[in-house]
Every structure is written in structure tokens, then in C-alpha cells.
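# Structure at a glance
Each chain is listed here by its residues.
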Amino acid sequence: MKRVWVRYCACFALLAALLAVLLVWNVCAGSVDFTWVEIASALFRPAGEGIIWGIRLPRVLAAAILGGALAVSGFLLQTFFANPIAGPFVLGISSGAKLTVALLMIFLLSRGTAAGSMTLIAGAFVGSMLSMGFILLLSRRTKQMSMLVICGVMIGYICSAVTDFAVTFADDSNIINLHNWSLGSFSGTSWDNVRIMSWVVFVSLGLTFLLSKPIGAYQMGEVYAQNMGVNIRRFRIELILLSSILSACVTAFAGPISFVGIAAPHLMKGLFRTAKPIVMIPACFLGGAAFCLFCDLIARTAFAPTDMSISSVTAVFGAPIVICLMVSRKGGRMKEEL
């Protein structure tokens with residue numbers, strides 16, 4: 001038992017060190033490079049001045065916070081559906097949030113009104129819940145998780161098609177804003193955005209952590225969880241709401257981001273060699289934050305000063321992880337059959 005907790009502490013220390021290095025590296029690197037001395041001196045200047053305070057720091061903090069939120073949301077969905085490739089992007093939840101936010105932005109911008117942060121989060125939450133509700137209805141008709149995932153992918157395609165259709169008939173000025181947002185990016189993040197997303201994400205994260213014991217029981221099966229005194233119906237609602245809020249917050253501020261919600265939880269499970277929620281929830285947050293910071297660093301610097309879509313970079317690194325996962329599970333099943 002002691003060795004297990006020593007490994008946990010060592011893994012958390014490794015993640016914290018990696019996160020710190022990536023935070024500093026992201027602030028230093030870009031179209032304009034800064035030295036450590038320049039960054040240290042800039043941190044003592046009044047907020048809002050210069051590239052570091054006004055542009056780099058808000059973007060870096062947003063990538064860390066939203067990346068962690070997306071990973072925790074993926075972990076909750078994988079637990080809920082008992083499916084290793086369940087995630088906000090694969091199940092069409094992010095696409096549903098993208099659709100409602102796009103329609104909301106078009107409606108408000110056409111009337112000369114800018115959408116506030118809480119308005120975007122609320123709109124994204126509605127879209128997430130609509131997609132999630134449709135998936136839950138399908139889950140009653142079919143018990144095959146593969147079919148459920150395929151249905152989620154189809155929902156994502158439908159929502160993306162409707163979004164593209166709406167953007168086609170939007171004003172030119174609206175199209176520019178929607179196009180940049182729909183590709184997925186942390187650019188243009190302000191300190192006000194960081195404050196709001198911090199409140200939403202960390203409150204949701206705290207509530208998720210309080211559910212560690214019921215989640216652990218639910219992982220053992222519904223019957224076991226009921227015997228442990230877990231109210232399954234209320235627990236499912238709480239799990240759905242928390243995962244939807246986290247994914248909606250990400251979509252509202254950064255647009256749809258792929259594969260982080262799938263890849264990060266599996267990387268953390270492999271690193272910590274456990275699926276215990278009390279360990280995995282903070283681990284997924286740190287791992288998702290580091291994963292998004294690394295991908296955002298590549299998106300900003302690979303073809304600087306041009307920014308790449310963050311979803312393009314996360315797909316390059318996240319998709320192979322999902323493929324390896326599916327192949328390893330297939331191989332394990334074949335061995336069991338033999």
C-alpha cells in the first residue's frame with residue numbers, strides 16, 4: 001500500500017513539474033521570443049501591459065484550465081457509459097454545444113450585440129444537454145456501446161453540417177468571428193474570460209471530486225453501487241450535468257477541441273496504473289492541462305506567426321493513442337477467446 005502511494009506522489013510530482021515547464025515555455029515561445037529575465041521582470045508590471053500580460057498569460061492559463069476541464073469531462077463520460085472511447089467530441093456533445101453557440105453568436109451579432117461569457121456558456125450548455133439527451137434516448141434502445149458511439153459521431157456530423165449551413169448565410173463580419181472560433185483556438189482570451197472560466201471549472205471540479213466515492217462504486221457496477229447506498233438516478237444526473245458544464249465551458253471559450261477528452265484519461269490511467277476517481281480526477285486535470293499546453297505550443301510556434309487550429313494538433317497526437325487503445329483491447333479479447 002505504501003509503495004502505491006509513493007508511486008502516486010511521484011507521478012503527481014512529475015505532472016506538476018511538466019506543467020510548470022510547459023507554462024514557462026509557452027510564455028517564452030512565440031512569434032516574439034522572450035528570455036526568462038524579461039518574463040520575470042514583466043510579471044511585476046501592471047496587468048494588461050505588453051505581450052506577456054495582455055496576450056500570452058491569459059492564453060496559457062486558458063489552455064491549462066480548459067484542457068484540464070476537457071480531460072475530466074472525458075473521464076466522467078467514460079465512467080458513465082463504461083466505454084473507453086467515450087468523450088465530448090466523439091459523442092457529439094461538443095458539436096451540439098458548437099451549434100447552439102454559433103446560432104447564438106449569429107443572432108446577437110446581427111443585432112449589433114456582443115455575446116457575454118456567461119451567455120455563451122449557457123448556450124453551449126443547452127447544446128451539450130440536447131446532444132447528451134439524444135444519446136441517452138438511444139442508449140435505451142441499444143445496449144451495444146459501439147452503436148452508441150457511432151450514433152454520437154453521426155450527431156456530431158449533423159450538428160457540424162447545420163453550423164456550416166448557418167455560417168454560410170451569416171454576415172461577412174460574423175463569418176470571420178465564427179470561422180476562427182469553430183476551428184478551435186485559445187487565441188484572443190482575455191483576463192475576464194480567464195476569471196469566469198476559472199470559477200465555472202474549479203467549482204465543477206470540486207463538486208466532481210466530492211463524487212469520488214460514488215464514482216468508484218459505480219465503476220464496480222450498478223448493483224454494487226446500489227448496495228453501497230448510491231442513488232443511481234440522482235448520481236447519473238449529477239454526472240451528466242457536471243460533464244456537460246465542463247465540456248460546454250471549453251466549447252464556449254475555445255471552440256470544439258478533439259481527442260483531449262479521450263486521450264488524457266487513458267494516458268493518466270497508464271501512468272498511475274489505477275482508475276480510482278480520487279486519484280484520476282486531479283490526475284486527469286493536470287494531464288489534460290499539460291496535453292493542451294503542449295499542443296497549443298506547437299499550434300503557435302510551428303508556422304509562426306500563423307496560428308494552427310488547436311484541434312488539428314490534438315488530433316495528430318490524440319488519434320494514435322485512441323488507435324493503440326482500440327488495437328490493444330482487440331488483441332486482449334482475441335487472447336481471451338483463444
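Residues numbered from 1 in each chain as written. Predicted model: local features only at pLDDT ≥ 70, side-chain atom pairs only at ≥ 80, totals over all residues. Heavy atoms only, no water.

A few words now on the overall build of the protein chain. For the protein chain, the count of helices and strands is 14 helices and zero strands. Element order for the protein chain, N to C, with α for helix and β for strand: α-α-α-α-α-α-α-α-α-α-α-α-α-α. Per-residue burial over the protein chain gives 48% buried out of 338 residues. For the protein chain, the proportion of contacts with a sequence separation of at least 24, taken over those separated by at least 6, is 77%. In the form shown here, the protein chain has an accessible surface area of approximately 16,800 Å², with 68% of it arising from carbon and sulfur atoms. (Helix = DSSP H or I, 4+ residues; strand = E, 2+ residues; numbered from the N terminus. Buried < 20%, exposed > 50% of the residue type's maximum accessible area, 1.4 Å probe, protein only. Contact = heavy atoms within 4.5 Å. Areas by Shrake-Rupley, 256 points an atom, 1.4 Å probe, with all protein chains shown as cover.)

Below, the discussion takes up the packing of helix α12 (residues 260-272) against helix α13 (residues 277-301). Following both chains from N to C, one finds α12 and α13 inclined at 120 degrees, their axes separated by 9 Å at the closest point. Between α12 and α13, the angle is such that the two are oblique. Relative to α13, the crossing made by α12 is right-handed. Contacts from Val260, Ala264, Pro265, Leu267, Met268, Lys269 and Phe272 of α12 reach α13 at Val279, Met280, Ala283, Cys284, Gly287, Gly288, Phe291 and Cys292. Among the residues forming the contact of α12 with α13, the class breakdown is twelve nonpolar, two polar and one charged. (Axes fitted to C-alpha atoms, helices over the stretch in contact; angles between N-to-C directions. Parallel < 35°, antiparallel > 145°, perpendicular 65-115°, else oblique. Left-handed = near helix turned anticlockwise from the far one by under 90°. Nonpolar A, V, L, I, M, F, W, Y, C, P; charged D, E, K, R; others polar.)

Turning to the nonpolar core, a few remarks are in order. Counting 88 residues, the largest nonpolar core has Leu66, Leu76, Phe81, Phe186, Cys249, Ile257 and Phe272 as its most contacted members. If you tally residues by element for this core, the top one is helix α3 (residues 50-81), at 18 residues. Not counting residues up to four positions away in its chain, the partners in contact with Phe186 are Arg59, Ala62, Ala63, Leu66, Ala254, Ile257, Cys292, Asp296 and Ile310. Judged by nonpolar contacts, the second largest core, of six residues, contains Val90, Val149, Val322 and Leu325. (Core = buried A, V, L, I, M, F, W, Y, C linked by side-chain atoms within 4.5 Å.)

Attention now goes to the packing of helix α8 (residues 191-210) against helix α9 (residues 212-219). Axis separation between α8 and α9 bottoms out at 5 Å; the angle between their running directions is 55 degrees. In terms of orientation, α8 and α9 fall into the oblique class. On α9, the residues that touch Thr208, Phe209 and Leu210 of α8 are Ser212, Pro214 and Ile215. Partitioned by chemical class, the residues of the contact of α8 with α9 number four nonpolar, two polar and no charged.

Before going further, it helps to examine the pattern of salt bridges. Two side chains with opposite charge may pair up if their charged atoms get near one another. According to the stated counting rule, one finds five salt bridges in the structure shown. Here Arg59 ties to Asp296 by a salt bridge, and the two come within 2.8 Å at their closest N and O atoms. Placement of Arg59 in helix α3 and of Asp296 in helix α13 is noted, with a sequence separation of 237 residues between them. Take Asp296: its relative accessible area is 1%, and that puts it in the buried class. Where Arg300 meets Asp296, a salt bridge forms, and the shortest distance between an N and an O atom there is 3.8 Å. Of the two residues, Arg300 and Asp296 both sit in helix α13, four residues apart, roughly one turn of that helix. For the pair Arg300 and Asp296, one class covers both residues: buried. A cluster of three or more residues bridged by salt bridges with shared partners is formed by Arg59, Asp296 and Arg300. (Salt bridge = Lys/Arg side-chain N within 4 Å of Asp/Glu carboxyl O.)

What follows is about the side chain of Ser94. Summarising the element assignment, Ser94 is placed in helix α4 (residues 93-109). Judged by relative accessible area, Ser94 falls into the buried class, the value being 2%. Not counting residues within four places of it along the chain, the set of residues in contact with Ser94 comprises Pro88, Phe89 and Thr251.

Interpretation note: all reported values are geometric properties and have no functional meaning in isolation.
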